[in-house]
Amino acid sequence: MGCKEPSWHNRPTGHSKPSTPLSQWLFDRGSLTSRLQHLSHGQFRVEVLSQGWGKPRLSEARSLGISPRRYALVREVILYGQDQPWVYARSILPQCTLTGRLRSLRKLDNRPLGAMLFNDPAMYRSPIEIACFKADNPLIPQKVRSTTPLWGRRSRFYLDNKPLLVCEIFLDAFNQTLSAQ
Ligand SMILES: C=C(O[C@@H]1C=C(C(=O)O)C=C[C@H]1O)C(=O)O
């Protein structure tokens with residue numbers, strides 16, 4: 001599956017570049033949940049596609065500094081705005097992060113992860129990396145896959161100095177909403 005992983009960079013590289021409006025969303029360091037709640041005028045919800053123990057992909061393990069053979073909690077969601085699938089998100093929470101007060105992250109249901117992260121004053125975030133996912137990329141769930149390339153971002157969040165990785169891909173419906181702004 002790693003062959004479908006795009007290459008992550010701290011800025012657009014090569015020929016393809018995101019639009020300026022999308023770049024502002026890609027590199028925004030605030031809570032995506034809050035921004036989407038605002039853009040959707042409160043018509044926002046999280047659909048949990050899956051949440052369970054699994055092995056991270058090589059690129060994810062490298063970003064987190066963990067072994068790709070070590071199980072982590074893998075959470076995949078779709079964030080809806082105005083009942084449209086706007087963002088597909090995949091988060092990797094290592095076992096070593098889910099300790100102490102952070103054990104509660106194991107039971108996160110359809111409450112947005114961002115609400116937990118941005119409510120913690122001690123939280124800090126790595127630089128954001130972006131990547132372009134080729135059309136029909138199998139890493140994106142079939143029901144929101146696109147026939148055109150999609151831009152995504154990822155960054156590590158640290159709570160109590162323990163990392164988790166969040167990857168967010170902006171879907172067709174979001175890009176259409178953005179271009180209609
Ligand atoms: C990191 C955030 O949390 C959001 C919510 C997620 C979830 O509930 O799984 C995943 C990715 C984010 O888009 C955020 O709001 O910035």
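First, a word on what this report is: a plain description of the structure on this page. (Residues numbered from 1 in each chain as written. Predicted model: local features only at pLDDT ≥ 70, side-chain atom pairs only at ≥ 80, totals over all residues. Heavy atoms only, no water.)

## Quick look at the environment of Asp 109
Then step 1. Relative to the helices and strands, Asp 109 resides in the loop between strand S3 (84–94) and helix H4 (113–118).
Then step 2. According to the relative accessible area criterion, Asp 109 is partly exposed, its value standing at 38%.
Then step 3. Considered as a pair, Asp 109 and Val 48 are 61 residues apart in the sequence and their alpha carbons are 7.2 Å apart.
Then step 4. Setting aside anything within four residues of it in sequence, one finds Asp 109 in contact with Val 48 and Arg 75.
Then step 5. In terms of polar contacts, Asp 109 uses its side chain to reach the side chain of Arg 111, at 2.8 Å. (Helix = DSSP H or I, 4+ residues; strand = E, 2+ residues; numbered from the N terminus. Buried < 20%, exposed > 50% of the residue type's maximum accessible area, 1.4 Å probe, protein only. Contact = heavy atoms within 4.5 Å. Polar contact = N/O pair within 3.5 Å; in protein donor to acceptor, adjacent residues only side chain to side chain.)

## Considering empty space enclosed by the protein
Then step 1. Within this structure, the stated rule accounts for two cavities of 30 Å³ or more.
Then step 2. The volume enclosed by the largest cavity comes to roughly 210 Å³.
Then step 3. For the largest cavity, the lining is made up of 20 residues, of which Thr 33, Leu 113, Gly 114, Val 166 and Glu 168 are closest to its centre.
Then step 4. Mapped onto the lining of the largest cavity, the elements with two or more residues apiece are helix H2 (32–39), strand S2 (72–81), S3, H4, strand S6 (150–159) and strand S7 (162–170).
Then step 5. Within the lining of the largest cavity, the residues separate by chemical class into 11 nonpolar, five polar and four charged.
Then step 6. What the second largest cavity holds in volume is close to 90 Å³.
Then step 7. Contributing to the lining of the second largest cavity are Glu 5, Trp 8, Arg 57, Glu 60, Tyr 88, Arg 90, Phe 133, Leu 139, Arg 154, Leu 165, Cys 167 and Ile 169.
Then step 8. Taken together, the elements giving at least two residues each to the lining of the second largest cavity come down to S3 and S7.
Then step 9. With three residues, the top contributor of residues to the lining of the second largest cavity is S7. (1 Å grid on protein atoms, 1.4 Å probe; cavity = no way out; pocket = protein on both sides within 12 Å on 5 of 7 lines; lining within 4 Å. Points joined across faces, edges and corners; volume = space filled by probe spheres on them. Nonpolar A, V, L, I, M, F, W, Y, C, P; charged D, E, K, R; others polar.)

## Considering the site of the ligand
Then step 1. Taken together, 16 residues surround the ligand, and among them Leu 32, Thr 33, Arg 75, Leu 113 and Glu 168 come closest.
Then step 2. Between the ligand and Leu 32 there is a distance of 2.8 Å, counted from an oxygen atom to a backbone nitrogen or oxygen.
Then step 3. Between an oxygen atom of the ligand and a main-chain N or O atom of Gly 114, the distance comes to 2.9 Å.
Then step 4. A total of 380 Å² of accessible area belongs to the ligand in isolation, and the protein chains cover 100% of it.
Then step 5. Mapping the ligand onto the cavity grids shows that it belongs to the largest cavity.
Then step 6. Residue assignment for the shell around the ligand shows that the elements contributing at least two residues are H2, S2, H4 and S7.
Then step 7. Split into classes, the residues belonging to the shell around the ligand amount to 10 nonpolar, three polar and three charged. (Near = heavy atom within 4 Å. Areas by Shrake-Rupley, 256 points an atom, 1.4 Å probe, with all protein chains shown as cover. Sits in = over half its atoms within 2 Å of the grid points.)

## Some points on the pattern of salt bridges
Note on pairing: side chains with opposite charge can pair once their charged atoms come close.
Then step 1. The full count for this structure, using the stated rule, is 12 salt bridges.
Then step 2. Between Arg 57 and Glu 5 there is a salt bridge, with its nearest N and O atoms 3.6 Å apart. One end of the pair, Arg 57, is in the loop between strand S1 (44–54) and helix H3 (58–64); the other, Glu 5, is in the segment before helix H1 (20–26), with 52 residues separating them in the sequence.
Then step 3. By relative accessible area, which is 17% here, Arg 57 ends up buried.
Then step 4. Between Glu 60 and Arg 57 there is a salt bridge whose closest N-O contact spans 3.8 Å. A single burial state applies to Glu 60 and to Arg 57, both of which are buried.
Then step 5. The network of salt bridges with shared partners includes Glu 5, Arg 57, Glu 60, Glu 76 and Arg 90. (Salt bridge = Lys/Arg side-chain N within 4 Å of Asp/Glu carboxyl O.)

## Digging into the pairing of S7
Then step 1. Most of S7 is tucked away, with nine of its nine residues classed as buried.
Then step 2. Side chains Lys 162, Leu 164, Val 166, Glu 168 and Phe 170 of S7 all project onto a buried face; the interleaved residues Pro 163, Leu 165, Cys 167 and Ile 169 project onto the opposite face, where all are buried too.
Then step 3. Judged from the six bridges that link them, S3 and S7 form a sheet pairing that is antiparallel. Its bridge partner being in S7, Val 87 is matched across the sheet by Phe 170.
Then step 4. Sheet topology note: the S6/S7 ladder contains eight bridges and is antiparallel. The residue of S7 that forms the bridge with Arg 153 is Glu 168. (Pairing = 2+ DSSP bridges.)

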